[in-house]
Structure formats: structure tokens, C-alpha cells
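Letter by letter, the chains look like this.
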Amino acid sequence: MTETKPTSFKNGVPKAERNGMFGAEDRLIELAKAGGTVTAIVTYSVPKVMHDEIADERYPVVQIDHIEPLFEEKAEASAVKLRDTAYKARTAEGALDIPEVEN
């Protein structure tokens, strides 16, 4: 039998036991098999700002501190509504360029 390992990410996420996905591996694997998506709350920090002196451009480096998957339908719906409202307030755009996937 294959052992389920803590969820891992390619870059920039804290150790598995602190990243919020720890303990959700089985549910995430089932969603992946079904082609499902997960809405999650992501907490991040900006530990530094990079400066490209040649192009004279500055850009933030975002560090993921915690990811909390939302498996409950009500919590997911609330998060999507908050996300859309925040996006509209920040950009004056009416919709995100992310297609909604039916569960």
C-alpha cells in the first residue's frame, strides 16, 4: 500500500506541518482524481522587494505563510464572494479571469 505523504509544493511554502495542507492529503487526492478544485484561504507575507537596477523596476517577493483549504460548500461560497468583492474593489473590474468550476 502506498503511504500518503504530507502535501508539498514546488517553492516557497513552509514545512508541511505548518502549511495548512497537512492532514488534507486524502481529500486532495480524491479531488485530483475527480478533477475537482479547492478554494483556499492563503496567508502570505512580503519579506522583501526586489529592484532591477537596469530596468529600474521594483517587484515584491511573496512568501506563502499558510494555505487553508475550504472543503465545506458554505465556506467556499463565502470565500469566493469575498474574493470577487476584494478584486472588484482593488481593480474596478467586475470579474476575475478565473473560470468557476462546478463541484
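For the structure, see preceding data.
Reading guide: rules and limits
- Residues numbered from 1 in each chain as written.
- Predicted model: local features only at pLDDT ≥ 70, side-chain atom pairs only at ≥ 80, totals over all residues.
- Heavy atoms only, no water.
- Helix = DSSP H or I, 4+ residues; strand = E, 2+ residues; numbered from the N terminus.
- Buried < 20%, exposed > 50% of the residue type's maximum accessible area, 1.4 Å probe, protein only.
- Areas by Shrake-Rupley, 256 points an atom, 1.4 Å probe, with all protein chains shown as cover.
- Polar contact = N/O pair within 3.5 Å; in protein donor to acceptor, adjacent residues only side chain to side chain.
- Contact = heavy atoms within 4.5 Å.
- Salt bridge = Lys/Arg side-chain N within 4 Å of Asp/Glu carboxyl O.

Visitor: Hey, could you run me through the overall build of the chain in this one?
Guide: Along the chain, the regular secondary structure elements total two helices and two strands. In the chain, the succession of helices and strands from N to C terminus is α-β-β-α. For the chain, with 103 residues in total, the buried portion stands at 17%. Accessible area for the chain stands at about 8,500 Å²; split by element, carbon and sulfur atoms hold 53% of it.

Visitor: Please clarify how the side chain of Thr39 should be interpreted in this entry.
Guide: Assignment of secondary structure puts Thr39 in strand 1 (residues 39–52). In this structure Thr39 comes out as buried when scored by relative accessible area, which is 16%. Among the polar contacts listed, one links the side chain of Thr39 to the side chain of Glu76, at a separation of 3.0 Å. Leave out the neighbours within four places in its chain, and Thr39 touches Glu68, Pro69, Leu70, Glu76, Ala79 and Val80.

Visitor: So what exactly am I meant to see when it comes to unusual backbone geometry here?
Guide: Negative phi values dominate among residues other than glycine, just as trans dominates among peptide bonds. With phi around 55°, Asp56 is a residue other than glycine that occupies positive phi space. On the basis of relative accessibility, which here comes to 59%, the residue Asp56 falls in the exposed class.

Visitor: I would appreciate a short explanation of the pattern of salt bridges in the present structure.
Guide: Under the defined criterion, the tally for this structure stands at two salt bridges. In this structure, Glu30 engages Lys33 in a salt bridge whose closest nitrogen and oxygen atoms are separated by 3.6 Å. Residue Glu30 and its partner Lys33 are both found in helix 1 (residues 25–34); the two are separated by three residues, about one turn of the helix. The exposure class of Lys33 is exposed, given its relative accessible area of 63%. Notably, a salt bridge pairs Arg83 with Asp84, separated by 3.1 Å at the nearest N-O pair. With relative accessibility at 29%, the residue Arg83 sits in the partly exposed group. Its relative accessible area of 29% is what places Asp84 among the partly exposed residues.

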